[in-house]
Structure formats: C-alpha cells, structure tokens
Amino acid sequence: MAVLTPAAFRARFPLLARRTYVNSCSQGALSTDVDAAMRRFLDSWNDEGSPWETWVGEVERLRTTFASLIGADADEIAVLPSASTGINAIASALTFDGTRRRVVMGRFEFPTMAQVWLAQRERGAEIGWADPVDGMLPPESYGKVVDERTLVVPATHVCFRNGHKTDIAGVAALCHDRGAYCFLDDYQRTGTEPMDVRALGVDFMVTGALKYLLGPSGVAFLYVRRELIERLVPTMTGWFGRVNPFAFSIDDLDWSSSARRFESGTPMIPNVYGAQAGLDLLGAVGLDAVEQTVAELTVGLMAWAGDAGVVTATPTDPARRGALVVLRSTDAPALVTRLGARGVIASCRDDGLRISFHGYNTQSDLDAVIAALEAESAMLVKEKLGELHA
Ligand SMILES: Cc1ncc(COP(=O)(O)O)c(C=O)c1O
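Residues numbered from 1 in each chain as written. Predicted model: local features only at pLDDT ≥ 70, side-chain atom pairs only at ≥ 80, totals over all residues. Heavy atoms only, no water.

Novice: Run through the domain arrangement of the chain, naming residues and quoting values.
Specialist: Splitting the chain by domain gives domain 1 (6–30 + 286–382) and domain 2 (34–282). With centres defined by C-alpha atoms, the gap from domain 1 to domain 2 works out at 27 Å. Contact residues are listed per partner, giving 32 residues for domain 1 and 26 residues for domain 2. Summing both partners gives a buried area of about 2,400 Å² for domain 1 against domain 2, and 59% of it is carried by carbon and sulfur. Asp350 is the salt-bridge partner of Arg161, the closest N and O atoms lying 2.7 Å from each other. Counting across the interface, domain 1 meets domain 2 through 14 residue pairs in polar contact (both at pLDDT 80 or more). Elements represented by at least two residues in the side of domain 1 that touches domain 2 include exactly helix 12 (287–308), strand 9 (324–328) and strand 12 (352–356). (Domains from an automatic or database assignment. Contact = heavy atoms within 4.5 Å. Buried area = accessible area lost by both parts, 1.4 Å probe. Salt bridge = Lys/Arg side-chain N within 4 Å of Asp/Glu carboxyl O. Polar contact = N/O pair within 3.5 Å; in protein donor to acceptor, adjacent residues only side chain to side chain. Helix = DSSP H or I, 4+ residues; strand = E, 2+ residues; numbered from the N terminus.)

What follows is the structure, encoded as structure tokens:
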C-alpha cells in the first residue's frame, strides 16, 4: 500500500466524521480497509467453498507482517485468538517444582495476565507483587521483589487503568540479571510507536489486533525469543502446534520448531483477514507519524488538565505514559455517558475517565474533548475541591 498522509489515513475511518473517537485503548475504529478485507473473506468462502490453503496462507502473511512490525522473525511469532491463550501456552510450558517457582507481577497488570499466573499456584507457583510508588512502577519496585527464586516476571508496558508506561528494558535487564524471564504485555502500546522487541530484551510478549493495531477482536500475537522456543514444551496444545498440522496423525506428538508450537486449534480466519488490513493501513501511515500525533495530543490534554486543576492518574512525565490519559472523575461511568451524548466516545475504569489517542485523531478531536470536559467539569475531580464550582 502506498504511503498515506495522516489526513488520508484519517479519511479511511468513516466513524471519525460522525464522532470524536478517543477510545482506541478499548477498540480501534473501523476502517474501510478492514471492512473490505472481512468482506473479501466472505467472498472467498462464498465463491470457493473451502479454500483452506489460501486461508492458512493468510495466517502466514499476517505472521510475517506482524513480525516485521516489532523487529522479530516470523518463526518467533504465534498467531492466536487472544492474549490470554498466549500467556496460558507459556505458563503451561513452565514448571514450578524447583526453588525457582516465583512469579512476580506489577500492580498495573491487566486482569488476564494476573489471573493466568494466579492459576499456576495449583501447579506450585508462588506469587509476589511489585508495588507502585507515587503512581509509578519503576524497575526499582521490581528490584525489591525479583530474586533468585523468581522464574518469570509478567509486566505490562502501558497500564490499561492509568496510562503509566513502564521502563520495560530496565525491568528485562533486571530480570535477566537475576535469572528470571521477562514476559511483556504490550497490548496497550503496540501500534502507537515504533517497536524493536529485541532491543527491549524481553523473553516473551503478547499483544492483540483489536486496539491500536486497528483490527477486529479474535487475533492476538505471542512473541517468543528464538533461543527459548525449542526449550519450551506447552501442555496446552492442538493440531496447529504440530510440524505439519495436515499430517493428521493421532500417534505422534511432534512439535513445530517455530513459535507455532504455541498455537492450538483452527485459526480464526475472518479475523485474520481484518487484522492484516489493519496492519497494512498502520504501515501505510507509519508508526513514526502515529507516535508524533499521539505525543502532541496527550501533551495537549495533560496541559489542559494541569491548567484546569483536574486530577490525572496518568504520570506527567511524557516518557512514562503511553497513548492513554486518565482523568479522575466523581462518577466515571456517568461521565462516559454524558460525553457520549456530546458525541465523544471514551471509556472508564474505576474512577478514571480514559481518553486515548491514535494516529487518526487530530487537534480538532482534542478541542472537542476539552469542550465536552469543560461542559461536564463538575464530574471531574479537581486539585482543590473548594474551587470545584468556583
Ligand atoms: C493490557 C491488556 N492485556 C490484555 C488484554 C486482553 O487480553 P485478551 O486478548 O486475552 O482478551 C487487554 C484488553 O483490554 C489489555 O488491555
């Protein structure tokens, strides 16, 4: 696809002409490209009946495109239906019966990451927590709890709840220093800025298509560092984890030598078509352009919040936040509804209103968000409560 200017990129999302869409942290907007790709799947089904060779070829194309997006090789990537499946596949390949049986997590994890590892307690895992300090989770917080008994450190890059961005390279270095694996959850960051997974130094990474990668639900990716792939044998498996799934053997349990060994059942073909179109579109505008737009808009919203005295859950340091800004609200679900009535689509978690930007957002979206927030200002928590209605 030819290079797209940010304006041409934005024009691919019909929703953006009707609404101020600032909820990509939950679901990316639908583009005409993804719409057309998913219809192409239906056409292939309707025209050819069961073109499985073509469909499996589409999974391989997606694997390759995603790998190049994050600076990995295609054989280090498993294409999966959800991030949870990827985390479970790795957890199932680890054992928790020696002295190294601890799983240390930060308090900013997405529930699924925490829950999969909590479930490993049945298999002998012990859980430890890295606690935030003043709303931040620096490598030093992990340093206090990661030790020679730690097997794996699952760590979210950008927190879905407050937008905090962890220094993952720092956490990964610390883990390796102490002999532990670092497992990155990049779901809230992938697609918002350029990425080199090798430079981060993590051992595993999961992310998914439906947010900043602009795809539908039902596609996620697991990266496994090359050296680890053949050392890990998941007990969560299925025929797509075999050397040749189409050998249809019920006697042999051979393992793909690539990260495909962490896949299990029939791939989710309609979603794969959509996810490919999302990645192609993102590639056409470029992650540098997305990063620049997101940085400008988050700086603008944080500056407005600072001037208006609105309490944010998101760090003020631009290096420690992602594409998500979270403002404290007296009633966040009601505020989301009120903003919706004003044409602004946002979301909330706990008492936080979540405003997230993508490369398709503009200064005019930011202006519309600020105007709507000023109109609903009574529902925002202010620095000095006495001045709330001044
Ligand atoms: C940080 C993070 N991890 C994981 C997920 C979802 O994982 P799954 O694909 O298993 O639903 C989300 C979705 O909101 C998320 O924000």
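The rest of the description comes next.
Novice: Quick rundown of the site of the ligand? Include the residues and the values.
Specialist: Ser82, Ala83, Ser84, Phe110, Thr112, Thr156, Phe160, Asp185, Tyr187, Gln188 and Lys211 make up every residue found near the ligand. Interatomic distance of 2.8 Å between a backbone N/O atom of Ala83 and an oxygen atom of the ligand. Taking Asp185, its side chain carries an N or O atom lying 2.7 Å from a nitrogen atom of the ligand. Taken by itself the ligand offers 400 Å² of open surface, and the protein chains cover 82% of this. Tallied by class, the residues present in the shell around the ligand amount to four nonpolar, five polar and two charged. (Near = heavy atom within 4 Å. Areas by Shrake-Rupley, 256 points an atom, 1.4 Å probe, with all protein chains shown as cover. Nonpolar A, V, L, I, M, F, W, Y, C, P; charged D, E, K, R; others polar.)

Novice: Can you explain the packing of helix 12 against helix 14 (residues 363–375)? Please cite residues and give values.
Specialist: The interhelical angle for the contact between helix 12 and helix 14, taken along N-to-C directions, is 25°, at an axis separation of 10 Å. In terms of orientation, helix 12 and helix 14 fall into the roughly parallel class. Crossing of helix 12 over helix 14 shows right-handed handedness. Across the interface between the two elements, Leu297, Gly300, Leu301 and Trp304 from helix 12 touch Gln363, Leu366, Val369, Ile370, Leu373 and Glu374 from helix 14. Broken down by class, the residue content of the contact of helix 12 with helix 14 amounts to seven nonpolar, two polar and one charged. (Axes fitted to C-alpha atoms, helices over the stretch in contact; angles between N-to-C directions. Parallel < 35°, antiparallel > 145°, perpendicular 65-115°, else oblique. Left-handed = near helix turned anticlockwise from the far one by under 90°.)

Novice: Run through the pattern of salt bridges, naming residues and quoting values.
Specialist: Summed over the entire model, instances satisfying the criterion amount to 23 salt bridges. Here Arg102 ties to Asp147 by a salt bridge, and the two come within 4.0 Å at their closest N and O atoms. Of this pair, Arg102 sits in strand 3 (residues 102–106) while Asp147 sits in the loop between helix 7 (139–143) and strand 5 (150–156), and the two are 45 residues apart along the sequence. One exposure class covers both Arg102 and Asp147, and it is buried. Salt bridges here are not isolated pairs; linked through shared partners, they connect Asp73, Asp75, Glu76, Arg198 and Arg226. (Buried < 20%, exposed > 50% of the residue type's maximum accessible area, 1.4 Å probe, protein only.)

Novice: For the packing of aromatic side chains, give the residues involved together with the corresponding values.
Specialist: With the rule as written, the count across this model stands at 17 aromatic pairs. Grouping aromatic residues by their ring pairs yields a cluster made of Phe41, Trp45, Trp52, Trp55 and Tyr273. The ring of Tyr187 has Lys211 lying over it, and the distance from NZ or CZ to the ring centre is 5.1 Å. Geometry around Trp255 places Arg242 over its ring, the cationic atom sitting 4.5 Å from the centre. (Phe/Tyr/Trp six-rings, centres within 6.5 Å; stacked < 30°, edge-to-face > 60°. Lys NZ or Arg CZ within 6 Å of the ring centre and 35° of its normal.)

Novice: Help me get a handle on a nonpolar patch on the surface, residues and values and all.
Specialist: A grouping of Trp239, Phe246 and Phe248 is seen on the molecular surface, where their side chains present a nonpolar patch of about 340 Å² in accessible area. With respect to the secondary-structure elements, Phe246 resides in the loop between helix 10 (226–229) and helix 11 (269–285). Assessed through its relative accessible area of 39%, Phe246 is described here as partly exposed. (Patch = residues over 30% accessible without salt bridge, like charges linked within 9 Å, V, L, I, M, F, W, Y side chains within 5 Å.)

Novice: Run through the side chain of Arg260, naming residues and quoting values.
Specialist: The topology assignment puts Arg260 in the loop between helix 10 and helix 11. We note that Arg260 is buried and unpaired, the nearest opposite charge coming from Glu60 at a distance of 5.0 Å. Contact partners of Arg260, with chain neighbours within four places excluded, come to Glu60, Arg63, Ile77, Phe240, Gly241, Arg242, Val243 and Pro245. (Lys, Arg positive; Asp, Glu negative; His and termini not counted.)

Novice: Let's hear about the sheet that holds strand 9: which residues, and what values?
Specialist: What the three strands build is an open sheet, ordered 9-12-11; its pairing is antiparallel. Strands with a single pairing partner mark the edges of an open sheet, and in this sheet they are strand 9 and strand 11 (347–349). Strand-to-strand twist across the sheet, computed as the mean angle between neighbouring axes with direction ignored, equals 35°. Note that strand 9 and strand 12 share five bridges and pair antiparallel. Opposite Val325, over in strand 12, you have Ile355 as the bridge partner. Running over the sheet, helix 12 touches strand 9 and strand 12 and is turned about 15° from strand 9. On top of the sheet, helix 13 (residues 332–341) reaches strand 11 and strand 12; it is set at about 40° to strand 12, its chief contact. (Pairing = 2+ DSSP bridges.)

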